[in-house]
Each structure stands twice: as structure tokens, then as C-alpha cells.
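Architecture at a glance
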Amino acid sequence: MTFIHAADLHLGAPFRGLRALSDAWADRLLDAIPEAYDRVVDTALRHNVDFVVIAGDIFDSARASYGDYLHFFDGLKRLEEAGIPVYLCTGNHDPYTSWQHDFFALPSNTTMFAADRPSFALYERDGEPICVLGGRGYYNQTWPADENIAEGVTRAEAVRALGERAAAAPYGVGVLHTGLDLDPVKAPTDPAVLMRAGFDYWALGHIHMRYATPENDPRLAFSGCIQGRDIKETGERGVNLVTLKKGAPNAVEFVPTASVVWQCMDVDIADCANLPEVTDKITRELFRVNGRARCEEMCTRITLTGMTPLHAVLARPGVLEDLRANINDSYTAFFCDALVDQTTCPRDVEALRREGLFPAVFLQASEAVRANRDEAIAYVQEEFLKKNIQLPSAYAKRIDRLAEEAESLVLDLLSRGEDK
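This write-up is about the structure you can find in this document.

Rules of the game
- Residues numbered from 1 in each chain as written.
- Predicted model: local features only at pLDDT ≥ 70, side-chain atom pairs only at ≥ 80, totals over all residues.
- Heavy atoms only, no water.
- Core = buried A, V, L, I, M, F, W, Y, C linked by side-chain atoms within 4.5 Å.
- Buried < 20%, exposed > 50% of the residue type's maximum accessible area, 1.4 Å probe, protein only.
- Helix = DSSP H or I, 4+ residues; strand = E, 2+ residues; numbered from the N terminus.
- Contact = heavy atoms within 4.5 Å.
- Pairing = 2+ DSSP bridges.
- Axes fitted to C-alpha atoms, helices over the stretch in contact; angles between N-to-C directions.
- Disulfide = S-S within 2.5 Å.
- Parallel < 35°, antiparallel > 145°, perpendicular 65-115°, else oblique.
- Salt bridge = Lys/Arg side-chain N within 4 Å of Asp/Glu carboxyl O.

1. Quick word on the nonpolar core
General note: in soluble globular proteins, nonpolar side chains tend to be found buried as a group. With 42 residues, the main nonpolar core has Ile-4, Leu-9, Val-52, Ile-58 and Phe-72 as its most contacted residues. Put simply, the parts of the chain that give this core at least two residues each are strand E1 (2-6), helix H1 (23-47), strand E2 (51-55), helix H2 (66-81), strand E3 (86-89), strand E11 (238-243) and strand E13 (260-268). Sort the elements by how many residues they give to this core and H1 lands first, with 10 residues. Ignoring any residue separated from it by four or fewer positions in sequence, one finds Phe-72 in contact with Leu-9, Leu-11, Tyr-37, Ile-54, Ile-58, Phe-59, Leu-88 and Trp-99.

Below you can see the structure in the form of C-alpha cells.
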């Protein structure tokens, strides 16, 4: 038995921030999510799967637009015409209550799992019971902290609800929109509880990255979102093509659906002698990364690294922005939303120490701070608290890197002062 496991379509989601950078790319990305959904449907048709599962957050908003509904239901009808059933649950972005005022009735091939209780369905092929499905969706946009979304979603309860024909089905699939043990806020549940529920595979939604366990026989899986929406959702995005076969481990193949992929790139320009060479090297890296990303177009955030005399040039007003514009004008399939300079200036630190002037004193003080990590974190925390801001845990983990960057920044400023 084969099926598509999709989740987190987020039809109608906005792409925040890009409008100020590029109207053309903002418009392009508005089409990317509907295109990704079309590819989900195309994948199901191409592989002639038994059915499709969508594990919540079909729409980005509890009040989806008419156009978003129309596009989604057109896809369901394409699957209906091919005789492919669809089983879905609601998520925190598109809870069950928001579907009470929808524009259409669900097509005959589509089953929505209830949100106020566990519910079940039986998939049959040529009149024979093949798979029991159980699931539960979000009723409102929040899930009660004292209630387990997986409670009662078991194979045994499915047989009680559906009858003896369900007991004869060789396979079982669970469907939930849950944080599992990865997000303690959004309907968390214990993976061990799901593993004991009697289903062969759990199709999960909410976590926007691919995740499957155990690795050699995936039984709990997030397929991730079908299209990345910002720089936090980098890399390929898509769906799982799942094959269940008695006596064999579960087979899960990832199928990419995103037409636009977000990427973070580091480009070492230590070997570049001038800005045209920097542009050329960035372009080569863009093509290399794009070749691995299996997508047509790519949004990137590029960080320039390496020790280079160009460090002082890149620090001049407007240089980075002009360089970014040049990159974006070169190839229409790539868009750089930000170009970040983390290069360093070549300097003889030992010579600075030997001079015994202020830079030597500063380096000594900097080393003392970096030698005591706890004191460094306490100092930064105190500066944050002065602004009534809690120090993010990620900053505490990066304190060594931050100290190194601060030292480099001060030495840069000192050298610029000497140049003047």
C-alpha cells in the first residue's frame, strides 16, 4: 500500500518583508505555495497512490479566502476523478470551527477527522479492507493543556467504531497535528504512546521540518511544510511517499514540491582580489547550491567570510547593497534578500601585542573576558536587562563567537582611526 503524507500546506500564507526588497519576488512567492500544492496532487496522481493524507494547517488563516478554498478544492476534485481518497485533519491555523462556514462541501472522496473526539475511517480497495485510519484535529486555534490529542486514537478503538471489517485490514495509519515531544505548546503527546497505539505509521503535522523515527523503519513522521516561507525554512520542502508492506520495514521517500527554495550560504572570499571576483565566486556558489536543492528558483541569504583586504572596501557605505543588486540583476532565478559581511581584515595580532599600545591592552582585556565564559554571559545578560530584555538562550550558546566578533570589530575601528 502506498500513500502521500502531506502537511502544513499553509495556503494563503504571506511572505513578510520581501515587498520592501522586491515587488517582483514578493509576487512570485505568492504563487509558490499554490504551485507546491499542485505538485502534491501531481505526485499522488503520478504514483497512483492508494490515498492522500493531509495532517493539518491546510490554510494559513482560520478565515481563508475564496480563492484559497477554490484552489484547494480543485485539487481534491482532481484526486476524486482519479479515484484517490483524501483523509485530512485540521490544525491550529485552520481549526475545525473555521470549516463550519466554508464555501464548499467536501468532495465525496474526502474525509475530515473529527476534532471533538477521535474518529476513524476504513480504506477499501476492490471491495477488500486495506487500511484503518484514525485521527483527530484541532477544534479551536489552541489545544487544552490538560488534554492529550492522541487519547483514544488507537487501532483497537478503530475496530470498535468501524466493526469487524476494520479488524481484517492489514494496515493502520494515524493522523494528528501535534508538537509531539518537539513543541511542548502545540498539542504535545508522548511518542511512546503513539508507538503503542497499534498503527503502522503516524502521519504528523505542525513541525515544519522533516523528521522520522525510528530511522530504519519510520513509524512516526513529520513530512514538513510543502513550501518554505522565509529564511527560517531553508532547504528542500515536500511530502512523504510512504510504502507499507507486510514483513518489510516502512519505506518513506521524500518528494520535493517547493518551486522556490530558501538557502543560507557562506562564501569564503579570501581568494578574491576585487569585487568583480567576489561577484563571480558568489554566482558559482549559487549554481552549485541550486543544483543540489532540486528547485527552479532560490532565495538566499549570503554571508561573506574569510580574511581579506577587501574587508575595508566592503565596510564602505553602499558597497554591500550595490554588490547585492549586481548579484540579483545577473540571474533572474536567484534572489539574495541580504548580503552579510563577516569577513575579517588581515592583521598581525602578535605585532600589535609587541607594540604595547592601546590595541595590546585591549587584546589582553579581551582574552581575559573570553577565558571566563560564565562572566562573559553574565555581563551580556546585565546589558540586556538594562533594556528590559531577556538574553535569548541562543546568544548564550554563541557567546564565544560573539566575543570573537566584538574583538574583531574593535580592532577594525581602531585601524580605521589610524587610517584617518
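2. What to know about the sheet that holds strand E14 (residues 297-305)
Strand order in this open sheet of 3 strands is E13-E14-E15, and the pairing throughout is parallel. With one partner strand each, in any of the chains shown, E13 and strand E15 (334-341) form the two edges of the open sheet. Between one strand axis and the next, the sheet turns through 20° on average, direction left out of account. Bridge count for E14 against E15 is 7 bridges, and the pairing is parallel. Bridge pairing in E15 places Thr-300 opposite Cys-336. Contacting E13, E14 and E15, helix H6 (residues 275-293) crosses the sheet at an angle of about 135° to E13. Sitting on the sheet, helix H8 (residues 319-330) is in contact with E14 and E15, with an inclination near 160° to E15.

3. Thoughts on the sheet that holds strand E5 (residues 119-125)
Here 6 strands make up an open sheet; going across it, the order is E5-E6-E7-E8-E10-E9 and the pairing mixed. In this open sheet, the two edge strands, each paired with only one partner strand, are E5 and strand E9 (211-213). Looking at each pair of strands side by side, their axes are set apart by 20° on average, direction ignored. With 3 bridges joining them, strand E8 (residues 201-205) and strand E10 (residues 220-222) adopt parallel strand pairing. Within E10, the residue paired with Trp-202 across the bridge is Leu-220. Sitting on the sheet, helix H3 (residues 155-162) touches E5, strand E6 (128-136) and strand E7 (171-177), and the angle it makes with E5 is about 75°.

4. Some remarks on the environment of Phe-3
Tracing the backbone through its elements, the reader meets Phe-3 in strand E1. Overall, the relative accessible area of 0% leaves Phe-3 in the buried class. In this structure the C-alpha to C-alpha distance between Phe-3 and Phe-51, which are 48 residues apart in sequence, comes to 5.1 Å. Those residues in contact with Phe-3 that lie beyond four places of it in its chain are Val-49, Phe-51, Val-53, Val-173, Tyr-201, Asn-240, Leu-241, Val-242 and Leu-244.

5. Things to note about the state of the cysteines
Applying the stated criterion across every chain yields a total of 0 disulfides. In this structure Cys-89 is not part of a disulfide, and its nearest cysteine sulfur, from Cys-131, lies 15 Å away. For Cys-89, a relative accessible area of 0% corresponds to the buried category.

6. What about the packing of H1 against H2?
Axis separation between H1 and H2 bottoms out at 10 Å; the angle between their running directions is 10°. In terms of axis orientation, H1 runs roughly parallel to H2. Within the contact between the two elements, H1 uses Pro-34, Tyr-37, Asp-38, Val-41, Asp-42, Ala-44 and Leu-45 and H2 uses His-71, Phe-72, Gly-75, Leu-76, Arg-78 and Leu-79.

7. Focus: the side chain of Arg-324
Residue position: Arg-324 is located in helix H8. Look past the residues within four positions of Arg-324 in its chain and what remains in contact with it is Leu-21, Phe-335, Cys-336, Asp-337, Ala-338 and Leu-339.

8. Side note on the pairing of E6
By the criterion of burial, E6 is predominantly enclosed, with 8 of the 9 residues buried. Relative to E6, E5 runs antiparallel, the two being bridged by 7 bridges. Residue pairing in the sheet places Glu-124 in a bridge with Pro-129 of E6. Counted along the chain from E5 to the antiparallel partner E6, the turn is 2 residues long, and its residue Asp-126 has a positive phi close to 55°. Of the strand pairs in this sheet, E6 and E7 are connected by 6 bridges, and their pairing is parallel. Residue pairing across strands places Cys-131 opposite Tyr-171, the latter belonging to E7.

9. A word on unusual backbone geometry
Of the consecutive residues Thr-213 and Pro-214, the connecting peptide bond is found in the cis state with omega at -10°. Relative to the helices and strands, Pro-214 resides in the loop between E9 and E10. Residue Leu-180 is not a glycine yet carries a positive backbone phi of 50°. Looking at the element boundaries, Leu-180 is found in the loop between E7 and helix H5 (191-195).

10. Points about the pairing of E1
Consecutive residues of a regular strand have side chains that alternate between opposite faces of the sheet. By the criterion of burial, E1 is predominantly enclosed, with 4 of the 5 residues buried. When E1 meets E11, the two strands line up antiparallel, connected through 4 bridges. In the sheet register, Thr-2 faces E11, and the bridge partner there is Thr-243. In terms of strand pairing, E1 meets E2 through 4 bridges, oriented parallel. In the sheet register, His-5 faces E2, and the bridge partner there is Val-53.

11. Re the pattern of salt bridges
Under the counting rule described, the total for this entry stands at 15 salt bridges. With a closest N to O distance of 2.9 Å, Glu-285 and Arg-288 form a salt bridge. Here the residue Glu-285 and the residue Arg-288 both occupy positions in helix H6, the gap between them amounting to 3 residues, near one helical turn. Accessibility expressed as a relative area gives 39% for Arg-288, which makes it partly exposed. Across the pair Lys-386 and Glu-383 runs a salt bridge, and its minimum N-O distance is 3.1 Å. Of this pair, Lys-386 and Glu-383 both sit in helix H11 (residues 373-386), 3 residues apart, roughly one helical turn. In this structure Lys-386 comes out as exposed when scored by relative accessible area, which is 56%. Where salt bridges share partners, they join Arg-28, Glu-35 and Glu-297 into one cluster.

Note that all results are geometric; they support no functional claim without further evidence.
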